[in-house]
Amino acid sequence: MKNRNNIRLPSSFRDPSGYVFMTDSVIFREIHESYIPIFNHLQSTGIYSKLFDLKLLCPHEIVEASDKTITIQPEKIPFISYPYEWCFSQLRDAAKCTLEIQKLLLCNEMCLKDASAYNIQFVNGKPLFIDSLSFERFIPGQPWAAYHQFCRHFIAPLALMSYTHVNLHKLLIGFIDGIPLDLAVSILPLRAFLRPSLFLHLYLHSKFSLRYWGSKTMQSSKNISRNASFGLLDSICSAVDACRLRPAKSLWSSYYSSGTHSDAYLLSKEKIVSDFVTYADVDTVWDLGTNTGRFAKLCAELGLNTVAFDSDFLCVENLYKDLTLSGKPNILPLVGDVANPSPSLGFNNQERDSLTQRGPTGLVLALALIHHIAIGNNVPLNMISSYLARLGKWLILEFVPKDDPQVKEMLSIRKDIFTEYSRECFIESFQKDFMIHKEADAGNSGRTIFLMEKR
Amino acid sequence: MVQLTILIITLVFVSDVWGYLDPGTGSYFFQILIGVLAGIGFSLKLFWKKIITFITSNSKRNCSDEKPE
């Protein structure tokens, strides 16, 4: 694949076995000579095929092979998401997928050489391991090199979300290689450590890591039996199972079921959105502030690949569970806040892309959202417009006027400093970045839904 | 002289060559320690499974033997 248009992805630099590059928007992975024997072993023993069949590993095809390098083309991932954007159940399912792969590999005298949560992506509603080069031969007697990483990337955030606060997964933004165990232990309540598996893999593990950090004395005594490796894996599985999300209610998780909106309003809105989406004729949509996912599901039913964002953790959790049960594969629910979107992270700020860098999408859906950004977060209308224009080509936006009960409630306990927040100013601001194609009233609510195209 | 010192230090403090991931020495030692317990637990689990399989297969055989012709 010696092509002038090859662009090496800036996030692909840690693994000496190969790297990922892009040619004409298609992703390829080049495998270096040192990894070819392992790659061939995985091919010839059918381990890759087994992982593909079980839908645990992203399938790939060999597109070019020589003695020195092999180039593979993995199946396209519709949208790259990161662990700090996942809800609790997504992170737990990703952990289980990683452990299932490790178990299968151990049965075949292989093991995972890393256990990063970033190796998992959600495709068709299920977690999928995407790094075809994360496998190495299992050396009898040697402990699992990725054990510490697995605890930092999965067990620590899951335990924190389960026993302290569900929003603590955001710590993963600050700690790109997982939450340090001593930090997790210092935040977790004592009752978390009543679970033997969490006491073992977090508390004792953390204390040992601190006590023997950098020590060379123990390396001579390395020896771990095959049964011990399997036993350890069983115990790690118990630690993941020990983390469960307590039933909770948030501000937005019962927004639609609270009866704030009439059926007539919601049905009218569905009809308008459906017509506008058909008119825009796009393949992908980002639903910002999805709440219960009602309109994201509508888009998915119209055949669009949908990413549904909400800043409320429980909304995303409920939607993910709902989609898992109903089996709607083309919606990916994620935790995301328009007022504070995911930043670019990692070395040189290039390892993990910001939300904007992962766009633009075909259509942005911003229903009953603008008042939360403009009034709730004091963001001027022209800035909202220019940001949304960077996210997608088309925009369906519901304008909520100042005399709307929701806006009145927001302004009831604060001074109204939003003199520019009016339908006229809104149209004037957005027309700088967008062309308005259509507009329609959402029932008798006084709200208007606009269909706009980026200039 | 400096080069010789570096060579000696390198040879004295030579450690295992890991992949590109640092497993952490404490974590490494910890796995060896709990691995013993985990290994015993896993062996007992396998043994227990064998007993259960043996009993269930025996009872199934008995049931099929008792079937009237």
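Details of the structure are given in the entry above.
Here goes a summary of the coordinates provided.

A separate point is the overall build of chain A. Along chain A, the regular secondary structure elements total 15 helices and 16 strands. The buried share of chain A, reckoned over its 455 residues, is 54%. A fraction of 70% describes how many contacts in chain A between residues 6 or more apart in sequence connect residues 24 or more apart. For chain A, the computed accessible surface area is about 20,200 Å², with 53% contributed by carbon and sulfur atoms.

Residue and element names in this part refer to chain A. Under the definition given, this model contains 21 salt bridges over all chains. Note that Arg294 is salt-bridged to Glu270, the shortest N-O span being 2.9 Å. Of this pair, Arg294 sits in helix α10 (residues 294-301) while Glu270 sits in helix α9 (residues 263-280), placing them 24 residues apart in sequence. For the salt bridge of Asp275 with Lys271, the shortest nitrogen-to-oxygen distance reads 2.8 Å. You can see Asp275 and its partner Lys271 sitting in helix α9, four residues apart, about one turn around the helix. Taking relative accessible area as the criterion, Lys271 reaches 51% and is therefore assigned exposed. Salt bridges sharing common partners tie together Lys269, Glu398, Asp404 and Arg447.

Moving on: a nonpolar patch on the surface. A cluster of nonpolar side chains, Val36, Ile40 and Leu44 of chain B, forms an exposed patch at the surface whose accessible area comes to about 290 Å². With respect to the helices and strands, Leu44 of chain B occurs in helix α2 (residues 25-66).

Moving on to the packing of helix α4 (residues 147-163) of chain A against helix α7 (residues 196-211) of chain A. Residues and elements named next belong to chain A. Look at α4 against α7: their axes get within 10 Å of each other, and the N-to-C directions meet at 125°. In terms of orientation, α4 lies oblique with respect to α7. Handedness of the α4/α7 crossing: left-handed. Counting all contacts with α4, which are made through Tyr147, His148, Cys151, Ile155, Ala156, Ala159 and Tyr163, the residues of α7 involved are Leu198, His201, Leu202, His205 and Ser209. In the contact of α4 with α7, the residues fall into eight nonpolar, four polar and no charged.

Before going further, it helps to examine the sheet that holds strand β2 (residues 18-23) of chain A. Residues and elements named next belong to chain A. Taken in spatial order, the five strands line up as β1-β2-β3-β5-β4 in an open sheet, and their pairing is antiparallel. Because the sheet does not close on itself, it has two edges, and the strands there are β1 (7-8) and β4 (60-65). Strand direction decides the pairing type here: β4 and strand β5 (residues 70-74), joined by five bridges, are antiparallel. The residue bridging His60 from the neighbouring strand is Pro74, located in β5.

Sheets are built from strands paired through backbone hydrogen bonds, the pairs being either parallel or antiparallel. Residue and element names in this part refer to chain A. Spatially, seven strands are ordered β12-β11-β10-β13-β14-β16-β15 in an open sheet, and the strand pairing comes out mixed. The sheet is open, and its two edges are formed by β12 (331-335) and β15 (434-441), each paired on a single side. This sheet shows a mean twist of 20° between the axes of neighbouring strands, independent of strand direction. Examined bridge by bridge, strand β11 (residues 305-310) and β12 share five bridges and lie parallel to one another. Pairing of Thr306 across the sheet is with Ile331, part of β12. Docked against the sheet, α9 engages β13 (361-366), β14 (392-399), β15 and β16 (448-454), running at close to 150° with respect to β15.

Another point: the packing of helix α3 (residues 88-107) of chain A against helix α11 (residues 313-326) of chain A. Residues and elements named next belong to chain A. Look at α3 against α11: their axes get within 8 Å of each other, and the N-to-C directions meet at 55°. The angle between α3 and α11 falls in the class oblique. Contact with α3, carried on its side by Phe88, Ser89, Gln90 and Asp93, involves Phe313, Val316, Glu317, Tyr320 and Lys321 of α11 and no other residues of that element. In the contact of α3 with α11, the residues fall into four nonpolar, two polar and three charged.

Parameters at a glance
Residues numbered from 1 in each chain as written. Chains lettered and ligands numbered in written order. Predicted model: local features only at pLDDT ≥ 70, side-chain atom pairs only at ≥ 80, totals over all residues. Heavy atoms only, no water. Helix = DSSP H or I, 4+ residues; strand = E, 2+ residues; numbered from the N terminus. Buried < 20%, exposed > 50% of the residue type's maximum accessible area, 1.4 Å probe, protein only. Contact = heavy atoms within 4.5 Å. Areas by Shrake-Rupley, 256 points an atom, 1.4 Å probe, with all protein chains shown as cover. Salt bridge = Lys/Arg side-chain N within 4 Å of Asp/Glu carboxyl O. Patch = residues over 30% accessible without salt bridge, like charges linked within 9 Å, V, L, I, M, F, W, Y side chains within 5 Å. Axes fitted to C-alpha atoms, helices over the stretch in contact; angles between N-to-C directions. Parallel < 35°, antiparallel > 145°, perpendicular 65-115°, else oblique. Left-handed = near helix turned anticlockwise from the far one by under 90°. Nonpolar A, V, L, I, M, F, W, Y, C, P; charged D, E, K, R; others polar. Pairing = 2+ DSSP bridges.

The values reported here are purely geometric and, on their own, carry no functional implication.
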